[in-house]
Amino acid sequence: MSSAYDLLVQEGLSGFTIEAVAARSGCAKTTIYRWWPTKGALAVASLLEVVEVAAPIRATGSARRDLESMVEVMAGTMAGPMGRVIASIIVEGQNNPEVLETYCTQVLNPRRERIREILHHGVRSGELAPDLDETVVVELLYNTLYSRLLIRHQPVDEPGWTQRLVAAVLGPTRAQPAPRPLRVHSDALYPA
């Protein structure tokens, strides 16, 4: 997989071929085709392997902090070689719907679903407004990141930008309910 990803970084998807991956990795083309029937499938699989390591999703317990962290990590990875790979996949996908569908199914949609989970948690905990439109929040966060990645009108890794983006999308911080008082019972603490 590292041979495939390295080739993607170097050539983009337009210069990426299974033959070149086979030559670089020392694997037979038939072995590669057995696992990945198209160059798009191989490209997305190699990207996904790197994304899982470079852009892990961590939970802190705070929806706002989780979103800030996730968007910050995504912006940071998009600012480097991975961003060029993602951009080349999206560009190729405009003429090859299978590539775009594979990217969306394996990379984009699971991450968008993770944002929805974070938002659900924030609404349930009272940290986020109960009438929050999760679909709009996901769209605003992702579309803004991808706009900076593809159009390059602003740097995707501009310092402090991701925190401002999350704050603008989520609105002001909601006052948290006061913690419930604790009572002591048999040397253990129990919520009252």
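Bear in mind the structure is a predicted one, so any value in this text is a computation, not a measurement.

### Focus on the pattern of salt bridges
Side chains that differ in charge, positive against negative, can pair when their charged atoms come close.
Now for step 1: Taken as a whole and assessed by the stated rule, the structure comprises seven salt bridges.
Now for step 2: Residues Arg116 and Glu113 are paired through a salt bridge, measuring 3.9 Å at the closest nitrogen-oxygen approach. Of the two residues, Arg116 and Glu113 are both situated in helix α7 (residues 97–125); the distance of three residues between them amounts to about one turn of the helix.
Now for step 3: On the basis of relative accessibility, which here comes to 22%, the residue Arg116 falls in the partly exposed class.
Now for step 4: For Glu113, a relative accessible area of 35% corresponds to the partly exposed category.
Now for step 5: Between Glu158 and Arg148 there is a salt bridge; the shortest N-O distance is 3.2 Å. Of this pair, Glu158 sits in the loop between α8 (134–151) and α9 (161–170) while Arg148 sits in helix α8; the two residues are ten residues apart in sequence, bridging distant segments of the chain.
Now for step 6: For Arg148, a relative accessible area of 9% translates into the label buried.
Now for step 7: Residues participating in the shared-partner salt-bridge network are Arg148, Glu158 and Arg164.

### A look at the packing of aromatic side chains
Now for step 1: Enumeration according to the criterion identifies one aromatic pair in this entry.
Now for step 2: Ring centres of Tyr142 and Tyr146 lie 6.0 Å apart, and the angle between their planes is 20 degrees; on these two criteria the pair is classed as stacked. Taken together, the residues Tyr142 and Tyr146, both in helix α8 and four residues apart, mark about one turn of the helix. With respect to class, Tyr142 is no different from Tyr146; both count as buried.

### Quick notes on the packing of helix α6 (residues 81–93) against α7
Now for step 1: Where α6 meets α7, the closest approach of the two axes is 7 Å, and the angle between their N-to-C directions is 135 degrees. In terms of their interaxial angle, α6 and α7 are classed as oblique. Residues Ile86, Ile89, Ile90, Glu92 and Gly93 of α6 touch α7, and the partners they reach there are Pro97, Val99, Leu100 and Tyr103.
Now for step 2: Of the residues assigned to the contact of α6 with α7, the class counts are seven nonpolar, one polar and one charged.

### Details of the side chain of Arg148
Now for step 1: Polar contacts involving the side chain of Arg148 include one to the main-chain carbonyl oxygen of Pro155, which spans 2.7 Å.
Now for step 2: The contact partners of Arg148, leaving out residues within four places of it in the chain, are His153, Gln154, Pro155, Val156, Glu158 and Trp161.

### Section: the confidence of the model for the protein
Now for step 1: In this model, the protein carries an average pLDDT of 87, and 89% of its residues clear a pLDDT of 70 or more.
Now for step 2: Confidence, expressed as mean pLDDT per element, reaches its minimum in the protein at strand β2 (residues 188–191) with 44 and its maximum at α8 with 96.

### Observations regarding unusual backbone geometry
Now for step 1: Unlike most non-glycine residues, Arg152 shows phi in positive territory, near 60 degrees.
Now for step 2: Tracing the chain through its elements places Arg152 in the loop between α8 and α9.

### Things to note about the side chain of Arg64
Now for step 1: Assignment of secondary structure puts Arg64 in helix α5 (residues 63–78).
Now for step 2: Although Arg64 is buried, it forms no salt bridge, and the closest oppositely charged side chain is Glu127 at an N-O distance of 4.9 Å.

### Observations concerning the nonpolar core
Now for step 1: Counting residues in hydrophobic clusters, the biggest one holds 50 residues, and the most contacted among them are Phe16, Leu47, Ile86, Tyr103, Leu119, Leu141 and Tyr146.
Now for step 2: Where this core is concerned, the elements lending two or more residues are α1 (2–11), α2 (18–25), α4 (39–54), α5, α6, α7, α8 and α9.
Now for step 3: Contact partners of Leu47, with chain neighbours within four places excluded, come to Tyr5, Met82, Val85, Ile86, Ile89, Tyr103 and Val107.

Thresholds applied
- Residues numbered from 1 in each chain as written.
- Predicted model: local features only at pLDDT ≥ 70, side-chain atom pairs only at ≥ 80, totals over all residues.
- Heavy atoms only, no water.
- Salt bridge = Lys/Arg side-chain N within 4 Å of Asp/Glu carboxyl O.
- Helix = DSSP H or I, 4+ residues; strand = E, 2+ residues; numbered from the N terminus.
- Buried < 20%, exposed > 50% of the residue type's maximum accessible area, 1.4 Å probe, protein only.
- Phe/Tyr/Trp six-rings, centres within 6.5 Å; stacked < 30°, edge-to-face > 60°.
- Axes fitted to C-alpha atoms, helices over the stretch in contact; angles between N-to-C directions.
- Parallel < 35°, antiparallel > 145°, perpendicular 65-115°, else oblique.
- Contact = heavy atoms within 4.5 Å.
- Nonpolar A, V, L, I, M, F, W, Y, C, P; charged D, E, K, R; others polar.
- Polar contact = N/O pair within 3.5 Å; in protein donor to acceptor, adjacent residues only side chain to side chain.
- pLDDT = per-residue confidence, 0-100.
- Lys, Arg positive; Asp, Glu negative; His and termini not counted.
- Core = buried A, V, L, I, M, F, W, Y, C linked by side-chain atoms within 4.5 Å.

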